[in-house]
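Descriptive analysis of the structure
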Amino acid sequence: MLKAKFRAKTTPAAQRPATPMAEKLTGSLTENGQSIQKATTADWYHAVAKILHQKLLQSWEDTWQRQATGKRANYLSLEYLLGPNTQTAMDAAGLSDDICNALVGLGADPNEVVKYELDPGLGNGGLGRLAACFLDSGANLHLPMAGYGLFYREGFFKQKIVDGRQTEEEDHWTRDGNPWEVRCEQAPYTVKFFGRQDTPSQDRYTWAGAKEVKAYAHDLMVPSYDGRTVNNLRLWDADLNGFNFDNEEQKELLWKLNYRLYPDDSNDKGKKLRLMQEYFFTSLSLQDTVARHLNMGKPLEQLAETAAIQMNDTHPAIAVAELMRLLVDEHGMEWNKARDITRNVCFYTNHTLMPEALEKWDINLMKEVLPRHVGIIEELNRNLLAEADSKLQGESKDKKDAVKNRIEVVHWDEGAKKTYIRMGHLAAFHSKQVNGVSIMHSLLVKNELFPDLVKIRGADVPTNKTNGITPRRWLVQANPDLANLVTEAMGNDEWITDLPTIDKGLEQAQYNPGFRTAFADIKRQNKQNLADMVKAMGGPTLKADALYDIQIKRFHEYKRQFMNILHTVALYQDILENPDKPRPDTVKIFAGKAAPSYAVAKENIELANWLAGKINNDKRIGDKLKVAFIEDYNVSKAQVIVPAADLSEQISLAGTEASGTSNMKFTLNGALTIGTRDGANVEIGERAGENNIFFFGKTVSDVERLNRQGYNSKTLIEQDLRLKKALIFLQDTPFANLANEVFDGDHWKIAADFQDYWDKQEEARNMYMNRPAEWLTKSIINTRAGAHFSSDDTIRGYARMWNIRPTAAAPIRRIANENRIENPSISPA
Ligand code: 26Q
């Protein structure tokens with residue numbers, strides 16, 4: 001059976017028997033200098049965390065030992081959106097019931113205690129959350145896999161809506177210490193910056209005059225659900241004791257290495273500090289990897305036998321040059337040998353096709369910060385061009401020049417009149433594998449982004465690894481009632497580590513009236529939970545029987561929140577014009593952050609809030625339409641929002657969203673998708689069946705055709721009166737410029753897709769209102785379809801590519817009942 005849920009009501013302590021766990025908790029409390037009578041939620045939280053941390057330490061240590069030899073995958077990511085740890089740790093320790101019961105007995109509310117934990121916001125969005133899901137899956141598959149990242153003193157900003165606008169506040173996530181980490185001894189490595197490349201002899205280069213920084217590691221536990229494996233996430237922190245610098249700028253840069261995460265913001269690109277952060281964590285992670293190898297007593301020529309380095313986007317792509325530097329400069333390896341090894345050890349995942357999002361560095365800036373790496377990259381670039389030359393023998397000079405221009409890492413940009421180092425190219429042409437994150441995206445990586453990769457690197461480069469989500473967080477934790485229902489229907493909870501089994505497993509249940517009713521009730525309850533959260537945050541009163549239509553993600557023009565807003569306006573107008581037309585009561589939910597200097601994205605947030613105010617206060621509308629913008633979207637809020645959705649908005653312009661992962665979370669939790677044929681939506685549609693998803697809009701090839709023909713939105717708007725009316729409505733508001741862009745350019749082709757979007761919305765809404773049984777069936781079918789997007793399966797694919805195998809996990813060491821009270825059910829007395 002599943003672990004207890006936190007639904008307990010508090011019972012006077014006197015009515016509860018003292019349990020060993022209660023004693024432990026009070027012990028832990030007293031150790032921290034607190035008494036039961038005075039204990040606050042914070043105190044209980046720290047007491048719980050301490051017990052769990054201690055309980056998992058042995059498994060952490062055992063796992064470390066098991067993984068001391070053999071090949072290990074090292075996942076390098078500047079972002080990890082971990083979400084709260086408490087429940088993951090409780091499940092892993094097998095203490096969920098015990099702790100929950102003990103807290104109730106002690107007069108504390110387990111819900112509050114669990115909710116006390118701050119969300120470590122160490123990521124921007126999808127890419128960071130993916131890294132967290134991958135680590136969870138690595139542990140659950142008992143794989144030797146380690147995460148490496150950067151410790152940020154402050155998380156991604158907290159979003160506050162003030163006067164309807166996004167403001168950014170600092171996120172002190174380490175408020176009162178992080179009980180889940182161990183801060184390790186100073187690492188025996190240093191990282192260099194600045195200085196110059198010297199040539200003491202003809203074919204030897206050194207890095208002279210550099211400033212050196214030492215580092216600490218913060219190690220975080222990554223436990224499996226059964227607690228048998230506890231993998232490690234190592235976040236690097238600079239030790240600036242006695243560091244030295246030449247000038248104030250250098251001092252400031254070094255001082256800020258761990259200050260905070262950069263937003264995925266095109267205006268913030270090319271910043272020196274960002275490059276230094278990238279290099280700092282990459283260098284330390286590689287030094288750690290090399291040290292692990294040497295510890296095994298193996299020659300460095302065999303590095304590929306003990307290590308795979310996975311680069312999560314280009315953010316750690318300097319790894320290519322750094323590994324070359326370590327091998328050649330520090331360990332005296334011959335250049336070509338080192339190049340072969342690098343190409344056998346490094347792997348690169350691309351997460352975006354948008355040219356402005358692909359990192360590139362002004363060569364002069366990089367020369368200042370990493371002079372030796374520029375020398376290395378220039379040499380790698382010469383090697384690459386020579387390689388291309390030999391692969392293209394017999395081709396015309398023009399053809400060769402065109403290819404070279406496309407593949408070169410060191411690239412003269414005619415427009416900017418600057419030489420750039422293209423990090424995507426550095427990574428792609430020096431990795432054993434390159435992959436995209438959905439079938440569609442991988443095809444675009446292969447054909448559009450790096451069309452020469454096949455010729456230069458071989459026929460099987462690049463490949464696809466469709467993203468996934470961990471069922472532990474996105475079903476077991478986020479939707480415990482549905483998880484329990486699935487367990488009941490399946491007869492056991494083995495699906496938790498084998499999610500695809502629920503597809504077949506629920507095939508019959510889908511026709512079972514009891515199952516259907518329970519499934520529908522759970523959705524309704526989840527909507528109520530979300531309504532409660534919205535209310536508690538000062539939002540409108542939402543009815544649980546309305547259709548919940550939800551779009552939650554970073555605000556970006558390509559994701560087209562504006563199109564959803566236009567639909568909301570059009571619906572509002574339709575209700576005013578045809579008040580008696582039957583339609584389902586509808587709740588539109590928006591949430592997401594905009595990069596601080598992304599003006600258009602911030603205007604969209606302001607518009608969503610403004611529109612919410614207007615519609616929610618319009619007496620003529622009542623419950624027919626409610627709009628809520630949920631402030632400060634993060635992982636814990638997603639865990640409440642996702643299970644409540646009826647309709648999941650995945651409406652990016654085709655060809656722009658690499659994969660998406662919230663689309664998978666919604667599907668697994670029984671929402672129907674309204675979306676374009678973009679990213680992983682395509683694969684979700686294949687699993688669910690065309691009848692069970694509302695696809696609309698132009699396809700990638702339609703978009704390409706429109707671009708070739710010359711796109712004109714004005715004629716399209718003239719043919720779509722509903723769109724025209726919604727745009728005109730907005731032209732009369734402070735948000736006219738957003739509407740004008742659709743008339744004038746319409747870069748994201750809203751006018752091309754709106755009509756179809758409206759029609760599919762109507763189809764969905766009518767079905768929801770008139771054919772609830774059909775909707776329910778489709779909802780269950782979507783849960784079954786969502787089962788095919790477990791990150792466990794994604795990581796199995798990566799593991800094959802990395803050539804790593806599970807280490808035999810020790811038998812379950814948990815003494816399950818050691819603290820258990822007689823009757824673990826937590827019904828109030
Ligand atoms: C780059 C340079 C300087 C500062 C910041 C950045 C930066 C930071 C973060 C650039 C991009 C990101 C994040 C990208 C991201 O989250 N991409 C998403 O990755 C998901 C996981 O693969 C996909 O599902 C999404 O489709 C993709 O948008």
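Let me sum up the structure you'll find in this document.

Thresholds applied
Residues numbered from 1 in each chain as written. Predicted model: local features only at pLDDT ≥ 70, side-chain atom pairs only at ≥ 80, totals over all residues. Heavy atoms only, no water. Helix = DSSP H or I, 4+ residues; strand = E, 2+ residues; numbered from the N terminus. Rg over C-alpha atoms; globule rule 2.2 N^0.38 Å. Contact = heavy atoms within 4.5 Å. Areas by Shrake-Rupley, 256 points an atom, 1.4 Å probe, with all protein chains shown as cover. Lys, Arg positive; Asp, Glu negative; His and termini not counted. Charge placed at Lys NZ, Arg CZ, Asp CG, Glu CD. 1 Å grid on protein atoms, 1.4 Å probe; cavity = no way out; pocket = protein on both sides within 12 Å on 5 of 7 lines; lining within 4 Å. Points joined across faces, edges and corners; volume = space filled by probe spheres on them. Near = heavy atom within 4 Å. Polar contact = N/O pair within 3.5 Å; in protein donor to acceptor, adjacent residues only side chain to side chain. Nonpolar A, V, L, I, M, F, W, Y, C, P; charged D, E, K, R; others polar. Salt bridge = Lys/Arg side-chain N within 4 Å of Asp/Glu carboxyl O. Buried < 20%, exposed > 50% of the residue type's maximum accessible area, 1.4 Å probe, protein only.

Structural notes on the overall build of the protein
Along its length, the protein carries 32 helices and 24 strands. Over its C-alpha trace the protein gives a radius of gyration of 27 Å, about what one expects of a compact globule, namely 28 Å for 829 residues. If one aligns the C-alpha atoms of the protein with their principal axes, the spans along those axes are about 85 × 75 × 55 Å. Put simply, of all contacts in the protein between residues at least 6 apart along the chain, 77% involve residues at least 24 apart. As displayed, the protein offers around 31,500 Å² of accessible surface, 48% of which is attributable to carbon and sulfur atoms. Put simply, the protein has 104 plus and 111 minus side-chain charges, and the middle of one group is 2 Å from the middle of the other.

Let's talk about empty space enclosed by the protein
The method is simple in principle: a probe with the dimensions of a water molecule rolls over the atoms, and the space it marks as empty is what remains. Applying the stated rule across the entire model yields 10 cavities of 30 Å³ or more. Put simply, the largest cavity is a space of about 310 Å³. Along the walls of the largest cavity sit 20 residues, with Asn85, Thr88, Met221, Pro223 and Arg473 positioned nearest its centre. Taken together, the elements giving at least two residues each to the lining of the largest cavity come down to α3 (86-93), α6 (126-140), β10 (211-223) and α17 (471-477).

A short note on the layout of surface pockets
The volume enclosed by the second largest pocket comes to roughly 480 Å³. What lines the second largest pocket is a set of 17 residues, and nearest its centre among them are Ala654, Gly655, Thr656, Val703 and Asn707. Of all the secondary-structure elements, those providing two or more residues to the lining of the second largest pocket are α15 (439-449) and α26 (700-709). Examining the composition of the lining of the second largest pocket, we find that four residues originate from one element, α26, more than from any other.

Here's the deal with the site of the ligand
Near the ligand you find 21 residues, and of these Leu127, His351, Asn467, Glu657 and Gly660 are the closest. Within the backbone of Leu127, a nitrogen or oxygen atom sits 3.0 Å from an oxygen atom of the ligand. At a separation of 3.0 Å, an oxygen atom of the ligand approaches a polar backbone atom of Ser659. A per-element tally of the shell around the ligand places α6 first, with three residues. Among the residues making up the shell around the ligand, the classes are represented as seven nonpolar, eight polar and six charged.

What about the pattern of salt bridges?
Per the counting criterion, the structure on display carries 58 salt bridges. Glu395 serves as the salt-bridge partner of Lys455, at 4.0 Å between the closest nitrogen and oxygen. Of this pair, Lys455 sits in helix α16 (residues 453-457) while Glu395 sits in the loop between α12 (371-391) and α13 (397-407); the two residues are 60 residues apart in sequence, bridging distant segments of the chain. Take Lys455: its relative accessible area is 44%, and that puts it in the partly exposed class. Exposure remark for Glu395: the relative accessible area of 30% places this residue in the partly exposed category. The structure contains a network of salt bridges with shared partners spanning Asp574, Lys581, Arg583, Arg722, Glu762 and Arg765.

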